[in-house]
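Residues per chain, in single letters:
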Amino acid sequence: EAVCMQPIGEQGGPVLLTGKGLTLSQLEAVAAGNARVEIDDRAMEKVTESYELVLSYVHRDDAVYGLNRGVGLNKDRRVTPDQMERFNRNLIRSHCAGCGPDAPEAEVRAAMLVRLNAALSGYSGLSPAVVRRYAEFLNLGIHPVVPELGSVGEADIVLLPHIGLAMIGEGEVFWRGKRLSAAEALRANGLEPLRLGPKESLGIVSSNAFSAGKAGLAMLSCLDLLDQADVIYALSLEGIRGNVWPLDPRVTAARPEPGYADAAARMRRLLAGSELWNPDLSRPLQDPISFRSAPHIHGAARSAFAEALRQLSFHLNHSDDNPCVIAADGSIVPSAHFEALHWVLPLEHLAVAIAHVAKASLQRILRLGTPVFTGLPRFLSPDDTRVMGFATLQKTAASLMAEIRLLAQPTSLDSASLAGDMEDLASNAPLAARRLHHIVTLARQVLAVEMLHAAQAIHLRGNVRMGEPLQKAYAAVRSCIEPLEQDRVLTDDIRSADRLIQERGLIKACAYSTREEYGI
């Protein structure tokens with residue numbers, strides 16, 4: 001999905017980068033909000049120390065991968081000092097092998113930010129000039145054209161070179177809303193093309209920055225989705241006149257699993273002041289499982305999110321370079337820090353968890369359209385003798401769920417043996433991130449359909465006494481979607497509901513966001 005880009009530096013203050021402590025909110029501010037970046041002086045000192053060590057190896061006999069030796073299967077081929085500039089330039093060119101659509105500008109900015117922050121740890125060996133070039137591109141709004149597809153996730157080595165290509169004045173970029181040659185954009189901003197020195201091309205190429213940046217943005221959308229799923233579930237409970245007893249603190253105390261107990265507590269706050277807490281209210285003894293288990297399902301998804309956040313945050317603030325430049329003892333040694341499985345597996349788990357949230361939402365949609373559960377006209381029609389109501393929306397939601405189920409399959413097990421059998425495993429990290437983003441997008445639309453049902457059920461009941469948070473959420477829905485009084489084009493309603501969720505309208509209306517709880 002396209003992200004509306006603001007003029008550089010107009011959202012909040014600058015983000016100070018140290019190589020540590022980069023948060024998802026800062027990632028969002030720079031990637032999607034165009035906040036400026038600044039580099040910590042001490043971090044740049046580490047970069048300088050690291051690069052000086054790299055330079056000291058140029059005339060030594062010690063073999064160093066990607067510095068005085070080739071890469072991949074060419075790891076044993078010597079690169080002499082007089083060949084280094086050509087070797088580094090050709091490494092960038094030869095690894096530009098992506099395909100498919102251009103990555104959105106926000107994702108390219110996220111990739112540059114993640115790579116820049118990791119380089120400031122001092123283990124990459126990138127020169128101060130290259131490190132500064134990342135910051136210059138971000139602050140000037142120069143966004144290299146990067147294809148979205150082609151990386152297997154053991155470093156994004158066919159995607160990130162397109163950023164390096166722009167740094168040396170080749171390839172294309174987006175700048176000020178136009179697509180133009182990188183050379184032209186550099187000239188317009190008073191920048192000279194970089195001449196890459198020892199190990200610099202490998203330092204630009206060998207990183208999971210594209211995958212991790214995309215994953216970070218997807219996870220922010222995921223958390224916002226979970227927040228709004230809580231609100232929509234609470235509206236549905238009002239619509240069905242359901243049981244609140246599964247949320248009762250005495251019930252959660254009997255099984256205080258953190259994800260579930262925390263979710264139930266949040267839902268209680270949303271439902272505070274509701275007539276549903278009246279024990280004399282007429283209703284069935286038990287609701288369908290999709291209603292009863294909502295705090296468990298949403299809680300499980302939040303537990304999955306917390307683990308994915310922990311692992312991805314660690315990755316964002318540590319080097320994933322190979323080889324690893326250790327200035328402290330003057331060593332440059334091979335590593336496998338490009339292995340992304342640590343955070344890809346939790347990301348896959350999170351994708352499955354979001355699929356379960358969507359599945360429960362679909363089941364609530366179907367129950368809300370059934371009079372035996374609601375006591376309301378079928379398909380929530382205001383007059384089921386002349387108005388179809390929401391009957392067809394069931395098909396829409398079911399089709400979305402079918403696609404979600406397909407996407408929820410794990411992908412990290414699929415890999416081929418590449419580079420002459422030197423690279424015989426891969427995590428498919430960018431695919432995992434792209435899949436999570438797609439699942440969140442589809443799940444958001446399932447929840448949009450549920451929101452339409454919940455609001456219509458509340459309308460048909462009339463005089464529903466809700467607490468203040470849900471009154472504000474319901475008012476937000478009604479500010480853009482009128483109650484269904486006669487058959488109309490429902491596509492427009494779905495799009496309005498989806499836009500309200502995408503713009504965080506529900507959680508803004510009732511001041512319900514859990515970003516701070518997760519340190520985001």
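What you are looking at is a predicted structure, and each value in this text was computed from that prediction instead of being measured.

Engineer: Please explain the overall build of the protein chain as it appears in this structure.
Structural biologist: Within the protein chain, the regular secondary structure consists of 20 helices and nine strands. Taking the principal axes of the C-alpha coordinates as reference, the protein chain spans close to 85 × 50 × 40 Å. Burial statistics for the protein chain: of 520 residues in total, 56% are counted as buried. Residue pairs at least 24 apart in sequence account for 79% of intrachain contacts in the protein chain once pairs closer than 6 positions are excluded. Only carbon and sulfur atoms are counted for the fraction: they give 53% of the accessible area of the protein chain, which is about 21300 Å². In the protein chain, the 53 positive side-chain charges and the 60 negative ones have mean positions that sit 3 Å from each other.

Engineer: Would you mind showing me how to read the sheet that holds strand β4 (residues 143-144) here?
Structural biologist: Within a sheet, neighbouring strands are paired by backbone hydrogen bonds and run either parallel or antiparallel to one another. With antiparallel pairing, three strands are arranged side by side in an open sheet as β4-β6-β7. Edge strands, defined here as strands with exactly one partner in the open sheet, are β4 and β7 (178-181). With two bridges connecting them, β4 and strand β6 (residues 172-175) associate as antiparallel partners. Of the residues in β6, the one forming a bridge with P144 is V173.

Engineer: Help me understand the environment of Q286 in this model?
Structural biologist: Structurally, the position occupied by Q286 is in the loop between α11 (258-270) and α12 (289-292). Taking the C-alpha atoms as reference points, Q286 and V251, separated by 35 residues in sequence, lie 14 Å from one another. Ignoring any residue separated from it by four or fewer positions in sequence, one finds Q286 in contact with N243 and R292.

Engineer: What exactly am I supposed to notice about the pairing of β6 here?
Structural biologist: Side chains V173 and W175 project from β6 onto a buried face, and the interleaved E172 and F174 project onto a face without burial. As paired elements, β6 and β7 share four bridges and run antiparallel to each other. Across the sheet, W175 pairs through a bridge with K178, a residue of β7. Turn length for the β6-β7 hairpin, with the two strands adjacent in sequence and antiparallel, is two residues, and the turn residue R176 shows positive phi of about 55°.

Engineer: It is not clear to me how empty space enclosed by the protein should be interpreted in this structure. Could you clarify?
Structural biologist: The gaps left among the atoms become clear once a water-sized probe is rolled over them. For the structure shown, the criterion picks out three cavities of 30 Å³ or more. Roughly 50 Å³ of volume is contained in the largest cavity. Every residue along the wall of the largest cavity is listed here: F390, L452, A455, Q456, V477, R478, I481, E482, P483, L484, R488 and D493. For the lining of the largest cavity, the elements supplying multiple residues, two or more each, are α17 (429-461) and α18 (468-478). The class makeup of the residues in the lining of the largest cavity is seven nonpolar, one polar and four charged.

Engineer: When you look at the environment of G177 in this model, what are you seeing that I'm missing?
Structural biologist: In this structure, G177 sits in the loop between β6 and β7. Its relative accessible area of 76% is what places G177 among the exposed residues. Residues G177 and E192 lie 15 residues apart in sequence; the distance between their C-alpha atoms is 22 Å.

Engineer: When you look at the side chain of Q456 in this model, what are you seeing that I'm missing?
Structural biologist: As for its placement among the helices and strands, Q456 is situated in helix α17. A relative accessible area of 1% means that Q456 is categorised as buried. Within the structure, the side chain of Q456 is placed 3.0 Å from the backbone nitrogen of L484, a separation counted as a polar contact. Discounting chain neighbours no more than four positions away, the residues touching Q456 are L380, P382, F390, R478, P483 and L484.

Engineer: It is not clear to me how the nonpolar core should be interpreted in this structure. Could you clarify?
Structural biologist: What tends to happen in soluble globular proteins is that the nonpolar side chains get buried as a cluster. L116, M219, V231 and F305 are the most contacted members of the largest nonpolar core, which totals 169 residues. The residues touching V231, leaving out its near neighbours within four places in the chain, are L270, L470, A473, L506, I507, C510 and Y512.

Engineer: Quick question: what am I supposed to make of unusual backbone geometry here?
Structural biologist: Negative phi values dominate among residues other than glycine, just as trans dominates among peptide bonds. For the bond from N322 to P323, the omega torsion is -5°, close enough to zero to count as cis. Along the chain, P323 falls in the loop between α13 (294-316) and β8 (324-326). At L380, a position not held by glycine, the phi torsion is positive, near 55°. Counting through the fold element by element, L380 comes out in the loop between α15 (371-374) and α16 (393-407). Judged by its relative accessible area of 0%, L380 falls in the buried class.

Cut-off values and rules
- Residues numbered from 1 in each chain as written.
- Predicted model: local features only at pLDDT ≥ 70, side-chain atom pairs only at ≥ 80, totals over all residues.
- Heavy atoms only, no water.
- Helix = DSSP H or I, 4+ residues; strand = E, 2+ residues; numbered from the N terminus.
- Buried < 20%, exposed > 50% of the residue type's maximum accessible area, 1.4 Å probe, protein only.
- Contact = heavy atoms within 4.5 Å.
- Areas by Shrake-Rupley, 256 points an atom, 1.4 Å probe, with all protein chains shown as cover.
- Lys, Arg positive; Asp, Glu negative; His and termini not counted.
- Charge placed at Lys NZ, Arg CZ, Asp CG, Glu CD.
- Pairing = 2+ DSSP bridges.
- 1 Å grid on protein atoms, 1.4 Å probe; cavity = no way out; pocket = protein on both sides within 12 Å on 5 of 7 lines; lining within 4 Å.
- Points joined across faces, edges and corners; volume = space filled by probe spheres on them.
- Nonpolar A, V, L, I, M, F, W, Y, C, P; charged D, E, K, R; others polar.
- Polar contact = N/O pair within 3.5 Å; in protein donor to acceptor, adjacent residues only side chain to side chain.
- Core = buried A, V, L, I, M, F, W, Y, C linked by side-chain atoms within 4.5 Å.

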